[in-house]
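Observations on the three-dimensional arrangement
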Amino acid sequence: MTSASIKLESVTKSFDGKVVAVDGVTLEIKAGEFFSLLGPSGCGKTTSLRMIAGFESPDSGRVHVGGQDITDVPVHHRDMGMVFQSYALFPHRTVAENVAFGLRMRGVSRSEIDRRVAAALAQVALTGFEHRRPAQLSGGQQQRVALARAIVIEPRVLLCDEPLGALDRKLRQQMQFELKELQQRLGVTLVFVTHDQEEALAMSDRIAVMNRGKVEQVGSPTEIYERPRTRFVADFIGEINLLDDGSKPRALRPEKIRLVPTAQARLAGTVETANFLGGATLYRVSAGGRTYLARETHSGERSPRAAGDAVGLAWNDTDIVTLES
Amino acid sequence: MSSVASHRPSPIAWLIAPALLLFLLFFILPFAVMVVMSFFSGNPISNPNAVLTTRHYQRFIEDSAGIFHDALWETLRIGLVTTVVSLLIGYPLAHWMARMQSRLGHALALMAVIAPLLTGIVVRTFAWMTILQDKGVINTTLISWGLISKPLPLMYNEFGTVVALVHIYVPFMVLTLIGVIARIDERLEQAARSLGAGRFRAFLEVTLPLSLPGILAGSLLVFALSISAYVTPSLMGGTDVLTLPMLIAQQLGTSFNPSFAGALGVILLAVCLVIVIAYNAILGRLSGEQGLA
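Residues numbered from 1 in each chain as written. Chains lettered and ligands numbered in written order. Predicted model: local features only at pLDDT ≥ 70, side-chain atom pairs only at ≥ 80, totals over all residues. Heavy atoms only, no water.

So the rule is basically this: UniProt positions are given in the numbering used here, feature names are shortened, and annotations may be inferred rather than shown by experiment.
With an unreviewed UniProt entry as reference, chain B is termed Putative spermidine/putrescine transport system permease protein, source organism Enhydrobacter aerosaccus. Listed under Subcellular location (unreviewed entry) in UniProt, the entry text for chain B is "Cell membrane". Turning to chain B, the UniProt record has this under Sequence similarities (unreviewed entry): "Belongs to the binding-protein-dependent transport system permease family. CysTW subfamily."

As recorded in an unreviewed UniProt entry, chain A goes by the name Spermidine/putrescine import ATP-binding protein PotA, listed as coming from Enhydrobacter aerosaccus. UniProt annotates chain A under Catalytic activity (unreviewed entry) with the comment "ATP + H2O + polyamine-[polyamine-binding protein]Side 1 = ADP + phosphate + polyamineSide 2 + [polyamine-binding protein]Side 1." Word for word, the UniProt comment on chain A under Sequence similarities (unreviewed entry) is "Belongs to the ABC transporter superfamily. Spermidine/putrescine importer (TC 3.A.1.11.1) family."

In structure tokens form, the structure reads like this:
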């Protein structure tokens, strides 16, 4: 399967002439990359994806795929696989007919269709489900059919609009592994839209964090997490302590704060609440007139602290990230 | 909808009693009277000599005057043409309205569709007469432009009847279709397009088959209404058109033969039921039998 790079060039899109959904977004997605568009609802991530797919055309700016300007190419000539949040399986067709649809539109021969549908269903571990209808499948199985239907046409680009959003937590985690593995096996460029930061961190090669139609930061999951550039990114990804004491806001992740005896502490405080998370405990500690979040992982001996306990806070200055705004 | 049936009747079940009574009084009872009458030689209440007979049905089947079979065929033909034309006009309109983003636009279009229903059938039919008759708007305009020398036969025939019937029944088609089309997820068509189908192909492959239940319901509604129409065919059809409902009215009003009228009514209903069942079966098969009921 050949994969293609994607380039958005200062793309802008507004609806009804006033609501600016995407505001001058420029992005370069490499061929074969697992790329996530991450942000809260209304940040413009889905509109960006729909412009790559061709369902929306930008007011200004260009969209390139594989080095070609495809801004004016209609949807059905773009050769992209798309997986929708609601799966959008054809309810009146069987699993095999759903998967065969794109091949049929391309005039592929009957025997070739049968062969490729079987192969695609094998890829998503759904062999034997050919004659079921979507309504007879579980959410996870429907998700896999949608994937098979999108990859069977051997697209250069696979677009996923919150494809795991409707699944329960356990299944979602499993599908995260499967999707990532599938993408690596096929080597296809995958653009993944999600509002779930854990999901984006877990699966992506790179992430673009979006807010109010603009890209706040692009980077690998570790960069985004460890070195957030703006206050929005720092706040949106995981938990964060924002320290507004100097001229510029600074951020400190809860797991970088150590709970120590008050004698060795930078700050002395009192535990307000202790949330047991299984593998870790998240403490809210009031110290120096504000509240700090501190995460303590349970490796080795646990010394649980309860609300009201006196505790000391310590951290390394190198762990503090200075934000732009 | 839900298959969870409760065995105890709900405490508000008696609320359907008035509807049930109405149904019994104005549908079941007249229908029973009609069927019974059709098998009597006369009115068994006023005429003690009335006997049981099938001669009214024989009269229709033999059709010695040569008008009954024509009337039945004409009724069905008008019903069929009206249904097809209403569907062809109503479907694009319903599709457009169901997919309309603007709420205001939707409300305005809906008002425009419903507006004809606010005027009585007789008034609307007379309005068509002023447009279609020999000295009507269309003919006088065309003649004054010199495009034609003789008025076109636009009414007092089947054409005029169908035009007026379509006008009356398109709203029923549209209202039935809107609900069904609006429930079809737009993303299904988008998925089809992303898989390589053009807009029209995506419509044919996805939206059209999924809207078959609406097409079925709307067509049956319009068909049933137009084969039972009386006022419009009488006014627009002139002497050219004779439908079964007109024949029934004649038998009741001028021939004073309620028994034969009853037999005609039963025949109309029977033919109608056969067509409905056949249509249902065919469309049901076309739509893949499942998930569409």
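1. Re the UniProt feature "transmembrane region" (unreviewed entry) in chain B
Residue and element names in this part refer to chain B. Quick note on the threshold: Numbering of helices and strands runs from the N terminus; a helix is a DSSP stretch of H or I covering at least four residues, while a strand is a stretch of E covering at least two.
As recorded in UniProt, the feature "transmembrane region" (unreviewed entry) lies at residues 12-40, 76-94, 106-127, 159-182, 203-231 and 260-282. With 76% helix and 0% strand, the stretch residues 12-40 has end C-alpha atoms that lie 42 Å from each other. A helix fraction of 100% and a strand fraction of 0% characterise residues 159-182, whose end C-alpha atoms lie 33 Å from each other.

2. Side note on the UniProt feature "domain: ABC transmembrane type-1" (unreviewed entry) in chain B
This chain's UniProt record puts "domain: ABC transmembrane type-1" (unreviewed entry) on residues 72-279 of chain B. With 77% helix and 0% strand, residues 72-279 of chain B has its two end C-alpha atoms placed 18 Å apart.

3. Concerning the UniProt feature "domain: ABC transporter" (unreviewed entry) in chain A
Here the UniProt-annotated "domain: ABC transporter" (unreviewed entry) positions come out as residues 6-237 of chain A. Structurally, residues 6-237 of chain A comprises 36% helix and 26% strand, and the distance from its first C-alpha atom to its last is 25 Å.

4. Observations regarding the state of the cysteines
To keep things clear, this is the line we draw: Disulfide assignment relies on a single distance test, namely cysteine sulfur atoms paired within 2.5 Å.
Evaluated as defined, the whole model comprises zero disulfides over all chains. Considering cysteine sulfurs only, Cys160 of chain A is the nearest to Cys43 of chain A, which forms no disulfide, with 16 Å between them.

5. Some thoughts on the side chain of Asn157 of chain B
All names here are of chain B. Put simply, the test is: In this scheme, a residue with accessible area under 20% of its type's maximum is buried, one over 50% is exposed, and one in between is partly exposed, where area comes from a 1.4 Å probe on protein chains only. Side-chain atoms alone can form a polar contact between residues adjacent in sequence; in general such a contact is a pair of N or O atoms within 3.5 Å, and within protein one must be able to donate a hydrogen while the other accepts it.
Assignment of secondary structure puts Asn157 in the loop between helix H6 (137-144) and helix H7 (158-182). Judged by its relative accessible area of 12%, Asn157 is buried. A polar atom in the side chain of Asn157 sits 2.8 Å from the backbone oxygen of Pro153. Within the local environment of Asn157, its side chain forms a polar contact with the backbone nitrogen of Gly160, the two atoms lying 2.9 Å apart.

6. Regarding the pattern of salt bridges
Side chains carrying opposite charge are able to pair once their charged atoms draw close together. To keep it simple, the criterion reads: Each salt bridge in this description consists of a side-chain nitrogen of Lys or Arg and a carboxyl oxygen of Asp or Glu lying within 4 Å of one another.
The final tally for this structure, using the stated rule, is 29 salt bridges over all chains. Two residues, Arg172 of chain A and Glu199 of chain A, come together in a salt bridge whose shortest N-O distance is 3.5 Å. Of this pair, Arg172 of chain A sits in helix H5 (residues 169-186) while Glu199 of chain A sits in helix H6 (residues 197-203), and the two are 27 residues apart along the sequence. Exposure class is identical for Arg172 of chain A and Glu199 of chain A. Each is buried. Connected through shared salt-bridge partners, Arg93 and Arg104 of chain A together with Arg201 and Glu205 of chain B make up one network.

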